[in-house]
Amino acid sequence: QVQLVESGGGLVQPGGSLRLSCAFSGSIFNIYHMNWYRQAPGKQREWVALITNGQNTKYVDSVKGRFTISRDNTKKTVYLQMNNLKPEDTAVYYCNARYSEADYWGQGTQVTVSS
């Protein structure tokens, strides 16, 4: 059974940076496409970024140029580097692993951007 554990969230001032990590266990990490989603209070969960099992990346328009998704297959970990954070980036950030019919989620980590 796949388990995903996010870390790295916290409180940061506007313009600041955070690096989220998602540790994967329980299966063959390399085959999974990895996503980051986020959910702000009172809003639906929103897809943020994708890194495929072939290292291709995609981003939602609102984070392009500020966020970078990456993966380390030897460490079975996916990262989300978030720079120039804005108050509207405040949300719970979730890691997702997807391959064929398999779809797994982490428990989330809170990111709060506030002065």
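As shown above, the structure is provided for reference.
Residues numbered from 1 in each chain as written. Predicted model: local features only at pLDDT ≥ 70, side-chain atom pairs only at ≥ 80, totals over all residues. Heavy atoms only, no water.

With respect to the pairing of strand 3 (residues 18-25)
Here is step 1 of the chain: As judged from the 5 bridges shared by strand 1 (residues 3-7) and strand 3, these two strands associate in the antiparallel manner. Its bridge partner being in strand 3, L4 is matched across the sheet by F24.
Here is step 2 of the chain: Two strands pair when backbone bridges link them, and strand 3 and strand 8 (residues 77-82) are joined in this way by 6 bridges, in the antiparallel orientation. Paired with L18 across the strands is M82, a residue of strand 8. (Pairing = 2+ DSSP bridges. Helix = DSSP H or I, 4+ residues; strand = E, 2+ residues; numbered from the N terminus.)

Structural notes on the sheet that holds strand 1
Here is step 1 of the chain: Strands sit in the order 1-3-8-7 across an open sheet of 4 strands; the sheet is antiparallel. Edge positions in the sheet fall to strand 1 and strand 7 (67-72), since each has one partner strand and no second. Here the average twist between neighbouring strands, direction ignored, is 15 degrees. (Axes fitted to C-alpha atoms, helices over the stretch in contact; angles between N-to-C directions.)

Comments concerning the state of the cysteines
Here is step 1 of the chain: Counted under the stated rule, the structure contains 1 disulfide.
Here is step 2 of the chain: Through a disulfide, C22 is tied to C95; the S-S separation comes to 2.1 Å. One disulfide, between C22 and C95, carries an S-S torsion of -80 degrees and so falls in the left-handed class. Here C22 is found in strand 3, whereas its partner C95 is found in strand 9 (residues 91-99), with 73 residues between them in sequence. (Disulfide = S-S within 2.5 Å.)

Digging into the environment of V12
Here is step 1 of the chain: Inspection of the secondary structure puts V12 in strand 2 (residues 10-12).
Here is step 2 of the chain: Overall, V12 belongs to the buried group, its relative accessible area being 12%.
Here is step 3 of the chain: In this structure the C-alpha to C-alpha distance between V12 and T109, which are 97 residues apart in sequence, comes to 14 Å.
Here is step 4 of the chain: What V12 contacts, discounting residues up to four positions off in sequence, is S17, L18, L85, T112, V113 and S114. (Buried < 20%, exposed > 50% of the residue type's maximum accessible area, 1.4 Å probe, protein only. Contact = heavy atoms within 4.5 Å.)

Considering the pairing of strand 7
Here is step 1 of the chain: Side chains F67, I69 and R71 project from strand 7 onto a buried face, and the interleaved T68, S70 and D72 project onto a face without burial.
Here is step 2 of the chain: Bridge count between strand 7 and strand 8: 6 bridges; the pairing is antiparallel. Among the inter-strand pairings, T68 is bridged to a residue of strand 8, identified as Q81.
Here is step 3 of the chain: Connecting the antiparallel pair strand 7 and strand 8 is a turn made up of 4 residues, with K76 showing a positive phi of about 55 degrees.

Some words on the side chain of T90
Here is step 1 of the chain: By the secondary structure assignment, T90 is in the loop between strand 8 and strand 9.
Here is step 2 of the chain: A polar atom in the side chain of T90 sits 2.9 Å from the backbone nitrogen of V113. (Polar contact = N/O pair within 3.5 Å; in protein donor to acceptor, adjacent residues only side chain to side chain.)

Quick word on the environment of I31
Here is step 1 of the chain: Its place among the elements puts I31 in the loop between strand 3 and strand 4 (33-39).
Here is step 2 of the chain: Taking relative accessible area as the criterion, I31 reaches 30% and is therefore assigned partly exposed.
Here is step 3 of the chain: Separated by 23 residues in sequence, I31 and G54 place their C-alpha atoms 8.6 Å apart.
Here is step 4 of the chain: Residue contacts for I31: discarding those within four places in its chain leaves N53 and Y99.

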